[in-house]
Amino acid sequence: MNSGKSLPETRSVSGMVIDASRCIDCKACLVSCKVANGVPAGQSRNWIKTENPGLDALTSGFVKPRVRYQPGGCMQCADAPCLNACPTGATYRTPEDGVIHVDKGLCIGCGNCIQACPYGARFRHARQNVADKCDFCAPRRARGLMPACVDTCITKARTFGPLDAATRAAAKRFAEEGAPPVTKLVRIEPPAYETGPKLLYVNDTAPRNWPAYPEQPLPVRIMTGPPGRMLFAASGASLFAVLLMGITQFRERRMHPHSASEQHTDRNASGLCPEQSEDGAERRDSGLRPKTGRKGETP
Amino acid sequence: MRRAVLISLCLLCCILLADLSFAVEGNTRKGKFLYRKNCRSCHGVSASDLSPLSKTQAAWKAAAASHESIPCVKDWPQLSAGDRADIFSYLYAFAADSPTPAKCD
Amino acid sequence: MSAKHHRLSRRAFLKSAAATGIAAVAAEVHARGKDAPIPDASEVTDPKAYENVFTACDMCFNRCAVIARVNGEGQDRKILKLDPNPKCSKSRGMLCARGNAGVALINSPDRLTRPLLRTGPRGGNLWRPISWEEALDRTAQAMREIGARYSRCGMLFTAGADTQSRFVHRFAEAYGSFNITSHESLCLLSVNRAFMDTFGEVPQVDLLHCDHIVMLGANRFESLVMPDSADLMQAVRRGAKLVVLDPRCTKTAEAAAEWHAIRPGTDLAFLLALCRVILEEDLYDRAWIESNTHGLEALRAHVASCTPAWAEQETGIKAAHIVRAARELAAAAPRAVVYPGRRSSDYEDSTQIRRGFAVVNALLANFDRPGGLMSTPAVKLRDIPFEAPWFDDNPADRVDAGRVPLLFNDEGSFVLTRDAVLSGQPYPVKGWFIYKTNPMGTAPDREKTAAMMRSLDFIVSVDIMMSDTAFMSDIVLPAPCYLERDDPLFVLQGGPAGPCILTRNRVVPPPGECRPVFDVVKALAGKLDIGNAFDFTLHELRERQLESFPGLKTTLEEDGVFEPSPALYGLKKGRPYKTPSGRIELYSTLYQQKGLDPLPVYTPPAAVPADSFVLVAGRTACITQTQSQNNRLLAEFAGTNTLWIHPAAAARLGIGNGDEVTVRSSVGTEHLRAELTKGIRPDTVYMHSGFGALASGPGLAAGTGASIAALFESAYDALCGNAALHTTRVTVQRREGAA
């Protein structure tokens, strides 16, 4: 099992900086992602969440509706519950950009990672039957293209790149456009667990408190909890015992060559050890035979 | 006497003004066809590259009112008064200062 | 533990399977099925196996510039992705959901691939595939017969918003018919007429630099217009104030500072009251108005009785808000607009209503200035000219002429043309050539359109899928979609982004026997002895067009877009406006000459009976009316429509959220599910356009949702003949026997 905590704090880590206040829920990013990444019908690597306070608040004869849209996707967490949950290492992180991938050849389809993700960012690909998730369009980036959702956005709500550079670029663009300045970047995180997302929201966003605490799937909890530790301890102890046996035997052989440890390898056709003869000639004493062993008996 | 002249002048002005306030009458469709058949053979080839856009509506209106004073009139083929009216109504309708409808594309 | 070194992977197996052709066979079996996989761009990892082709989208009229990412050759050629072209200023380097979904056209099981001949009754869905030669011969013969038996004007030609529609118009002219319509008399004719008659041209809008926008009915964050939609968001983020007046709370209303649920049909009362406040409180640029406009005093007198209190009675918007709206607009002027809008097929006085829009803009002194209305710079492409013939035995004019005083000669009125066809007056029209448009799906009173079609001798449709209109035709000709053909160059006006020149380059070969309409009309022209109108190839036309500007050819090849970058503001330079007075006409000289109201007069909408609703329609960013039907990618987000209804109104009718309801107008009955929302007036109901298709096939759209065309009544604007859809009143009931 990998531990997600080992991410080095490199400033080249890739991230996405999103101004959710520009989002008009046009679905362009959803369709763009689907086409670029072959996502099956009814499934999605990204989403747009809505917070709609409703139209009850009719103030002074007109309405100021404040529906908020929040485009999102895999957070490429610095401390990734999915990485922790993967038994085969199919889920891994590329250190140069901090992006988390699924090696579909290694994925056994256990579904642990899908359960473990607090954001619901992963799913079982309907055709390939393995886990699938956003990888910031790694094949597009390999060709020098932006991720599909960034490229296509009508209102240019998304900026992508090395996280600090992306933040600076977003801030610069906002300044040029006369938009409100970037005063902070907001993380969407589960309660009591700092996933360290690399998809960040400019200034404000809603809804905020939707990810649940990332409960690792039961098999993972068992294997990493006290039962698992005991199992490992027991395995370790067994291994140690076997090793000890091996060493002891080895030492015995060295001290006592031609010992009974060789006897049982050379039985003749009658099933008797070669040093035995049917007329009961004296046998060498291996030292391992019980002293009270009767004639002809093997220990 | 002076009053009579004044009134006549006013009437004349009114007639002229009234005349100017109406579009040049004629069949603009047929005028387009006739223009291309009779005028385009020179204009745009040997003579000036004339098209409806070459003049304002007022200029075409004036030309229609006194077509005999147009320089090339002697080179014109046989045109009836109706043909002439059609041609000028086409030129007027698509003159430089006529509204040009913008299409969907 | 690195995971990259394991070689025994599923991917490796798939690759070997592909090598043996197994996967290829499986893909072919799937390709024609309903769930044919969209080509997976992520599978192609070799950058060299990946080519860029410049084209322009066609999923709506915007024609955003596109770079198609392509892989493979010949029949294996696949589009992996359609990406925006960042170099096109007009499309702001973006591509919407529909643009991305264009790839779903390629493998769609609904694509027409062979010419079809109707064998049963019209609309009976019985077809026989025929050869192109037979299809063209039959069409030419039918057109010859109609020309001989009736007149050349006996053929009607209707072409949609498309870069090849110009060839259909050329064909119609060469054939000798005056009867050409498009979708425009079901859409934007009124606003074009009104602004043209006021300003002498139809302006663009500079939202990018605007500080105050009043938007009546337009829904720019869902009915996308580029660059307006992107620029509007930027303006709002910059601090511009957006005020939306709409009977329903659209996504544009959601993003606005204020949403006023204005009573449908009362926009003009609001606008006249704005004029009154601006004039009475002296909130206008006197010098500019006096030197640029005509009729100020007449306007002042005209709006004397249009008080905010009066407007409140009509619109339901409080007088104090109307006064404030006028003051805020005027304070922000000239960087303030009353957004002209586009679809104005609403009321029988829609042109006069839009005149109200135009007049307020004139008072804001925003014409030809940053942040206001923009005069459009002329950008002309060279062409291959042609001389239209003259037929003495033709009627004098279009069949819909003389019914309304301000008909556009090139557009006519579909509603009036249909009436003329059905009545046979003033002369018979008995044939119809239809290209890339679907009147059965979008014209009001679908039953009437069907009756019109049944009354004709011959109908030929050219389309990519079996639309409801093609469904009712005699011959259906399969066309390539926009990704499968070369197109002529075309100019797009981009408002503050400036104009641009684009073209389409074929990305993948078309399926089956599809032929572009250029080839169809060229072949027909040959058979009808009018081939001289088409004595050129598309390539030759493109070459001629490419001579229009220095560097045009190379720039298009390298960048996919050419931007001539002319001056965008101050274009008038003191030159007269193209109006009779040479000025912006607050008071319309032309209308006065024709005996029409020279200043817009407010007509209250008919009262809505207690048990009825006003029916309004619109769309989302995933819909382009019926054009986007049958798209597997869009169906996930816009698979059907619902009837928006206010909870109070629904409660009175015993309708719960999600209940099936029956909607009845005087011309049709439709069924769909109710969606309860407070985001609509209690006297109004709404549905998306583009659903309720009749044509059945393997696709997704047949029978899904309800059709606005079946419900809308066919009123029309009294000045230009634009359809008037929102005069329709409907009743709504829980569907009998529904779950």
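### Description of the overall build of chain C
Then, in step 1: Helix and strand counts for chain C stand at 25 helices and 28 strands.
Then, in step 2: Against the 2.2 N^0.38 benchmark of 27 Å for 739 residues, chain C shows a C-alpha radius of gyration of 26 Å, consistent with a compact globule.
Then, in step 3: Here the C-alpha coordinates of chain C stretch approximately 80 × 80 × 70 Å along the principal axes.

### Side note on the overall build of chain B
Then, in step 1: Helix and strand counts for chain B come out as 4 helices and 0 strands.
Then, in step 2: Mapped in sequence order, the helices and strands of chain B form the string α-α-α-α.
Then, in step 3: Here chain B holds 105 residues, and the buried ones make up 23% of them.
Then, in step 4: Counting contacts in chain B only where the partners sit at least 6 residues apart, residues at least 24 apart contribute 92% of the total.

### A few points about the packing of helix α9 (residues 267–280) of chain C against helix α12 (residues 308–315) of chain C
Residue and element names in this part refer to chain C.
Then, in step 1: For the pair α9 and α12, the least separation of the axes is 9 Å and the interaxial angle reads 170°. With respect to α12, the element α9 is oriented roughly antiparallel. Judged by the twist between their axes, the crossing of α9 over α12 is left-handed. Residue-level inspection shows Ala269, Phe270, Ala273 and Val277 of α9 in contact with α12, the latter providing Pro308, Ala311, Glu314 and Thr315.
Then, in step 2: Residue classes in the contact of α9 with α12 are distributed as 6 nonpolar, 1 polar and 1 charged.

### Considering helix α8 (residues 226–255) of chain A
Then, in step 1: Its 30 residues give α8(A) an end-to-end C-alpha distance of 43 Å, which sits within 8% of 44 Å, the value for a rise of 1.5 Å per residue.
Then, in step 2: Among the 30 residues of α8(A), 0 are classified as buried, and the element is accordingly described as predominantly exposed.

### Remarks on the nonpolar core
The tendency in soluble globular proteins is for nonpolar side chains to be buried as a group.
Then, in step 1: Of all hydrophobic cores here, the largest spans 288 residues; its most connected members are C:Leu274 and C:Cys275.
Then, in step 2: The dominant element in this core, judged by the number of residues it contributes, is α9(C), at 11 residues.
Then, in step 3: Judged by nonpolar contacts, the second largest core, of 11 residues, contains B:Leu34, B:Ile87, B:Ala93 and B:Ala95.

### Quick look at the interface of chain A and chain C
Then, in step 1: With 44 residues of chain A in contact, the opposing surface of chain C contributes 53 residues.
Then, in step 2: At the level of elements, α1 (28–37), β4 (62–63), α4 (138–142) and α5 (148–152) of chain A are the ones that each hand at least two residues to the side of chain A that touches chain C.
Then, in step 3: The greatest single-element share of the side of chain A that touches chain C, amounting to 7 residues, is contributed by α1(A).
Then, in step 4: In terms of residue class, the side of chain A that touches chain C is built from 21 nonpolar, 12 polar and 11 charged.

### Some thoughts on the pairing of strand β15 (residues 431–435) of chain C
Residue and element names in this part refer to chain C.
Then, in step 1: The element β15 is extensively covered by neighbouring structure, given that 5 of its 5 residues are classed as buried.
Then, in step 2: Judged by which residues are buried, β15 turns out to be covered on both faces: Gly431, Phe433 and Tyr435 on one side and Trp432 and Ile434 on the other are all buried.
Then, in step 3: Strand direction decides the pairing type here: strand β6 (residues 155–159) and β15, joined by 5 bridges, are parallel. Opposite Ala159, over in β15, you have Tyr435 as the bridge partner.
Then, in step 4: Both β15 and strand β16 (residues 458–463) contribute to a ladder of 5 bridges, which runs parallel. Looking at β16, one finds that Ile434 is bridged to Ser461.

### Considering the interface of chain B and chain C
Then, in step 1: If you look at the interface, chain B gives 15 residues, while chain C gives 21 residues.
Then, in step 2: Its residues placed into classes, the side of chain B that touches chain C shows 5 nonpolar, 4 polar and 6 charged.

### Considerations on the sheet that holds strand β10 (residues 158–162) of chain A
The strands making up a sheet associate through backbone hydrogen bonding, with each pair oriented either parallel or antiparallel.
All names here are of chain A.
Then, in step 1: The strand order across the open sheet built from 4 strands is β10-β1-β12-β11, with neighbouring strands paired in mixed fashion. Only two strands of the sheet have a single neighbouring strand rather than two, namely β10 and β11 (185–186).
Then, in step 2: Of the pairings in the sheet, the one linking strand β1 (residues 14–18) to strand β12 (residues 199–202) comprises 3 bridges and is parallel in character. Along β12, the bridge assignment pairs Ile18 with Tyr201.

### Structural notes on helix α15 (residues 414–423) of chain C
All names here are of chain C.
Then, in step 1: Burial analysis of α15 places 7 of its 10 residues in the buried class, which makes it a mostly covered element.
Then, in step 2: Listed in full, the buried residues belonging to α15 are Phe414, Val415, Leu416, Thr417, Arg418, Ala420 and Val421.
Then, in step 3: Looking one or two residues beyond α15, the residue adopting positive phi is Gly424, at roughly 75°.

### A few points about the sheet that holds strand β1 (residues 51–56) of chain C
Residue and element names in this part refer to chain C.
Then, in step 1: Spatial strand order, β1-β2-β3: 3 strands in an open sheet with antiparallel pairing. Strands at the two margins of the open sheet, each flanked by one partner only, are β1 and β3 (78–84). Between one strand axis and the next, the sheet turns through 30° on average, direction left out of account.
Then, in step 2: Where strand β2 (residues 65–71) meets β3, 6 bridges bridge the pair, whose relative direction is antiparallel. Bridge pairing in β3 places Ile67 opposite Asp83.

### Observations regarding the environment of B:Lys30
Then, in step 1: Take B:Lys30: it is sitting in helix α2 (residues 28–38).
Then, in step 2: Sequence spacing of B:Lys30 and B:Pro71 is 41 residues, and the spatial spacing of their C-alpha atoms is 23 Å.
Then, in step 3: Dropping the residues within four chain positions of it, B:Lys30 is found in contact with B:Asp86 and C:Trp390.

### Observations regarding the environment of C:Leu242
Residues and elements named next belong to chain C.
Then, in step 1: Note that Leu242 resides in strand β10 (residues 241–245).
Then, in step 2: Classification of Leu242 by C-beta neighbours within 10 Å gives buried; the count is 24.
Then, in step 3: Apart from the residues within four sequence positions on either side, Leu242 is in contact with Ile213, Met215, Val236, Ala255, Ala256 and Ala257.

### Observations concerning unusual backbone geometry
Then, in step 1: Of the consecutive residues C:Ala333 and C:Pro334, the connecting peptide bond is found in the cis state with omega at 5°.
Then, in step 2: Mapped onto the elements, C:Pro334 comes out in the loop between α13 (319–332) and β13 (336–338).
Then, in step 3: Between C:Gln425 and the following residue, C:Pro426, the backbone shows a cis peptide bond with an omega angle of 0°.
Then, in step 4: Mapped onto the fold, C:Pro426 is located in the loop between α15 and β15.
Then, in step 5: Positioned with a positive phi, A:Gln76 is a non-glycine residue whose angle comes to about 50°.
Then, in step 6: In this structure, A:Gln76 sits in the loop between β5 (68–73) and α2 (81–85).
Then, in step 7: Assessed through the 28 C-beta atoms surrounding it within 10 Å, A:Gln76 is described here as buried.

### Concerning the packing of α2(B) against helix α4 (residues 81–93) of chain B
All names here are of chain B.
Then, in step 1: Packing of α2 against α4 leaves a shortest axis separation of 7 Å and a crossing angle of 100°. The angle between α2 and α4 falls in the class roughly perpendicular. Touching Thr28, Lys30, Gly31, Lys32, Leu34 and Tyr35 of α2 are Asp83, Asp86, Ile87, Ser89, Tyr90, Leu91 and Ala93, all from α4.
Then, in step 2: For the contact of α2 with α4, the residue count by class is 6 nonpolar, 3 polar and 4 charged.

### Notes on the environment of C:Val601
Residue and element names in this part refer to chain C.
Then, in step 1: One can find Val601 in the loop between α22 (589–593) and β21 (613–618).
Then, in step 2: Owing to 14 C-beta atoms within 10 Å, Val601 belongs among the partly exposed residues under this scheme.
Then, in step 3: Linking Val601 and Ala709, residues 108 residues apart in sequence, is a C-alpha distance of 29 Å.

### So, the pairing of strand β24 (residues 669–676) of chain C
All names here are of chain C.
Then, in step 1: Examined bridge by bridge, strand β22 (residues 642–645) and β24 share 4 bridges and lie parallel to one another. Within the sheet, the bridge partner assigned to Trp644 lies in β24 and is Glu675.
Then, in step 2: Pairing analysis gives 5 bridges linking strand β23 (residues 660–664) to β24, with the strands arranged antiparallel. Directly across from Val661, in β24, lies its bridge partner Leu672.
Then, in step 3: In this structure, the hairpin formed by β23 and β24 is closed by a connection of 4 residues.

### Overview of the confidence of the model for chain B
Residue and element names in this part refer to chain B.
Then, in step 1: Summing up the model confidence of chain B, the mean pLDDT is 73 and the portion of residues at 70 or higher is 70%.
Then, in step 2: Per-residue pLDDT, averaged within each element of chain B, yields its smallest value for helix α1 (residues 2–20) (53) and its largest for α4 (88).
Then, in step 3: With pLDDT under 50 throughout, residues 13–22 is counted as low confidence; its partners more than four residues away or in other chains account for 2 contacts.

Cut-offs and rules
- Residues numbered from 1 in each chain as written.
- Chains lettered and ligands numbered in written order.
- Predicted model: local features only at pLDDT ≥ 70, side-chain atom pairs only at ≥ 80, totals over all residues.
- Helix = DSSP H or I, 4+ residues; strand = E, 2+ residues; numbered from the N terminus.
- Rg over C-alpha atoms; globule rule 2.2 N^0.38 Å.
- Buried ≥ 20, exposed ≤ 12 C-beta atoms within 10 Å, placed from the backbone.
- Contact = placed C-beta atoms within 7 Å.
- Axes fitted to C-alpha atoms, helices over the stretch in contact; angles between N-to-C directions.
- Parallel < 35°, antiparallel > 145°, perpendicular 65-115°, else oblique.
- Left-handed = near helix turned anticlockwise from the far one by under 90°.
- Nonpolar A, V, L, I, M, F, W, Y, C, P; charged D, E, K, R; others polar.
- Expected span 1.5 Å × (residues − 1).
- Core = buried A, V, L, I, M, F, W, Y, C linked by C-beta atoms within 7 Å.
- Pairing = 2+ DSSP bridges.
- pLDDT = per-residue confidence, 0-100.

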